[in-house]
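# Results of the structural survey
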Amino acid sequence: MKQFLKQVIDGLAVDYAEIRVEENERVRVVYRGKEVDDVGKAYESGGCIRVFYQGNWAVGTFNIVDESIRNIALELASQVQKLPRREGGLIKLPAFHETVKLVTRHDPRHISIAEKEGLIRHYNQILLNTRGIVSTLCGYQDSYRKVFWYSSEDRYIEQEFGWLGFSCRAIARDGTNVQDYGESVGKTLGFEAITGREEMVERVAKIALDLLRAEPVTAGRYTVIIDPLLAGVFAHEAFGHLSESDHIAENERLRSLMRIGTRYGVDELTIVDDPTLPLEKGSYRYDDEGVPAQRTELIRNGLIAQHLHSRQSAYLMGESVTGNARAISYRYAPIVRMSNTYIEPRNLTLGEMLEGVDDGLYVVGSRGGMTELESFTFSSLYAFKIEKGKRTKMVRDVTISGNVFETLRNIDGIGSDLVIYGGLGGCGKADQAPLPVATGAPHLRIRNVIIGGR
Amino acid sequence: MMRYDVINLIQGRVDQADVLEREADQTIVEFRQGKLYSYETKLIRGCGVRVIKNGRSGFASSTNPERIDDLINTALELADLGPKAGFRLPPAEEPAVVPTFENKVMLVTVERMVEWGKDLIDALSARLPELKVDIKIHRTYSETSVVNTEGFDGHFAKAELVMLVIGLLVDDGIFWVSDFVNMSSSPVWQMGQILERIESLVRMGKRRATVRTGTYPVVVMPTALPELLFPIAVAVNGKQLEKRTSPLIGKENMSVLSDKITLIDNRLHPYGLASAPFDGEGVRARKNVLFERGFFKGFVFDTATAAVCGRSSTGSAVRDYFSLPQPGLSNLEMLPGDAELGATLKGISEGLLVYDVIGGGQSNYLAGEVSLNVSCGYKIENGVVTGRVKDVGIAGNVYEMFQRVAAVGSMVRDLGSNFLPFVLFSGLKVASRA
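Moving on, we get to the overall build of chain B. Counting its regular elements, chain B contains ten helices and 21 strands. Expected size for 434 residues packed as a compact globule is a radius of gyration near 22 Å; at 24 Å, chain B falls within 12% of this value. Counting the 434 residues in chain B, one finds 56% classified as buried. Partitioning the contacts of chain B with sequence separation of at least 6, the portion at a separation of at least 24 is 72%.

Written out as structure tokens, the structure reads:
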């Protein structure tokens, strides 16, 4: 394969060229209510060629991988030469040859779709057997990709990626009151990662029913304690995206706002992005620019420490590459993305955090989140009131929103109980979704948080 | 053409089958931070086959014409496990007539797209030097074909040309403005209108304004309205009727929203991004009235969901080559009212004007709940816009919100697959940190 890829981009009159060719297989099983809703398998193959010349990119993606893609490479080289020169360059890397194999105990590719369907049917039935649950949505997905990557630096990497996961959602109804609750698991592991999850499924049914009796939260400002799942989403959404340098590399004002050494949190706050963590959903060895994955500290002791980079953003900002240029598939050029992003644990127990709160909220889980640089919003699955240091009544429809910088400064307690989650979904940015990522944190206590609700 | 190879190979081995094949050739020119960043071309080809055998359906897809045997064998194998299929695929039927292809769109060259972007950036930087602008211009040619064992054999071509502009203003905070243009019907460069819209958003936002938590009249502009309509779009989906999870069950022909609201799902909208002569399984496209003067008129169905619910397909199967058909909306139209924006703002003593929100789809949308962060919004005081607001959320139940509609705008904005006017809500709950 290396020779084929080399021939495609060989001798192009550009500053840099790379080609990525991919074969992938994906299986999905979906149950809605009593019936299986979808069982499908997809085979895809395709590739992406990128050329860089005088500060500009030209990118071509394609499905048919044969000698004809040399014409695409030539056309891209011709187009990029017509674009007006632009400042900038790329960090170059040395020639190299590496093969990364996926090692799993129970490789999902060797397990029949009937067995996968059977497991999801079993989990779905647990939900359906629960009185008060009117419908369900249970899904399974696995994905295997083999990527062949070659650059004009004579750098060649063959890398296998694989992940699998399942999600279960219960819908409970009492008259016109419809509530739903779900959880999901996603890992770069074998099939064993999703077997034996009956306890999780039973919890999903119970919480959906509890939500029927929960009152909507009253909107306003609260001191909140957020659980590790929501705190991890917060780290990813609220600060992680701001650290992605493609936004900031060429915007002087943003560069100044995100300057290394700037204080954005309390001394205890350290936020890390680390694709080298074993087996997590966002783990990998090389990014889609052939850069080795590495641990990057976004905030260390409350101060901005590093940014996440592609080869281009690192060059423009005079910093080192971090291995964060990722593409969801051959259909896309890599862009700066996170991997496994988490807040490092400190010393407080949950009990100690609760003690300091007279009137607040204990907010659990995440339905997702969005950010537009400094503004963020994310929704929890449910919450409990905190009254005089104790968790009391369950409340629902809790959405947290606000300004990232203020919220980071308002963290006044960091727990000791780090948990890292990877769900079935992933991160979305610039039309590329879902990208496999994981998020993590211990419990956090934050003052003066805007809670949207009724 | 993969679809004919697949259908010919599978004929006689199954009870029924259909194949959707899609090919697309997309060109994207992207500017970042006011400078040309990249030229991109995407060639996409894929084929998905659904087989129905012994009352169940199986599905597989592939982009690789050399793996047709794998594709067929997988679909056949999965038919033992797949969903029950108590329906007949649509017969041969004349597709509807809807314009989806304008040749002038395909004549827009990369050089022209680069020129448009550059001209817009030059004009914006002359008027608003502090604004950093990202632009993406997409030109797409696609061909979609559906063929089935019942004799349906449909094909249509489509040309799309759209532009997305995002302006970023960094002062003592960060402020986004955005604009979208659908030029698929006629590639006439509308720079004056784009400039005017962006300049207006930026100038209104130069000053800051604060709003206290409370209930206010809120004007939601067409750009923000899809997030408020999202729970309703989910609820009208026949899948939610099948699963008994829609809050609209039992409310057909009943008044649910304000009588000022008429919503139509229209695959026949000329040059809409979701327009097509037939749906994802070959059913003739049509207009589906979802709400007429506030009365709920009915759910949308694909063939399979309709059969389970004892209804007929509404021509609403949404499908790409890699997925099974599911019911869904195409182009969503809201009929205009008679309100003018200027006069509407003048009548508000204290309220909000909202152009963009984030956070949609995260609340309990099945129940109609939304909680949205206003990412581009302005305070209205005594009939005039006094400045941009920050850290403000709007929340509530969309069914209650859409009962409190005070006015609907007279102009409909083309947002590609949403064709919407502005809506003035008489009282929305607003949460603020101020």
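Still to come is the rest of the account.
Residues and elements named next belong to chain B. When the domains of chain B are assigned, the result is domain 1 (2-200), domain 2 (201-228 + 337-432) and domain 3 (231-334). Using only C-alpha atoms to locate each centre, domain 1 and domain 2 end up separated by 30 Å. Elements that contribute at least two residues to the side of domain 1 that touches domain 2 include exactly β5 (153-170), β6 (174-182) and α5 (191-204). The greatest single-element share of the side of domain 1 that touches domain 2, amounting to six residues, is contributed by β6. Of the residues belonging to the side of domain 1 that touches domain 2, the class tally is nine nonpolar, five polar and two charged.

With that out of the way, let us pick up the domain arrangement of chain A. Residues and elements named next belong to chain A. Considered domain by domain, chain A is made up of domain 1 (2-213) and domain 2 (216-452). The C-alpha centroid of domain 2 is placed 22 Å from the C-alpha centroid of domain 1. Put simply, the parts of the chain that give the side of domain 1 that touches domain 2 at least two residues each are β1 (16-32), β2 (35-53), β3 (56-62), β5 (133-151), β6 (155-174), β7 (177-187) and α4 (198-213). Per-element accounting of the side of domain 1 that touches domain 2 gives the leading share, eight residues, to β6.

A separate point is α5(B). Counting along an α-helix, one turn takes 3.6 residues, and residues three or four places apart therefore face a common direction. Residues and elements named next belong to chain B. The terminal C-alpha atoms of α5, which comprises 14 residues, lie 20 Å apart, in line with the 20 Å expected from a rise of 1.5 Å per residue. Where α5 is concerned, the buried positions are Ile194, Arg197, Ile198, Leu201 and Met204. Taken end-on, α5 shows its buried residues confined to a sector of 140°, consistent with a single buried face. Every exposed residue of α5 that faces more than 90 degrees away from the buried side is listed here: Gly192, Glu196 and Arg203.

The rules behind these values
- Residues numbered from 1 in each chain as written.
- Chains lettered and ligands numbered in written order.
- Predicted model: local features only at pLDDT ≥ 70, side-chain atom pairs only at ≥ 80, totals over all residues.
- Helix = DSSP H or I, 4+ residues; strand = E, 2+ residues; numbered from the N terminus.
- Rg over C-alpha atoms; globule rule 2.2 N^0.38 Å.
- Buried ≥ 20, exposed ≤ 12 C-beta atoms within 10 Å, placed from the backbone.
- Contact = placed C-beta atoms within 7 Å.
- Domains from an automatic or database assignment.
- Nonpolar A, V, L, I, M, F, W, Y, C, P; charged D, E, K, R; others polar.
- Expected span 1.5 Å × (residues − 1).
- Arc of directions from axis to C-beta.

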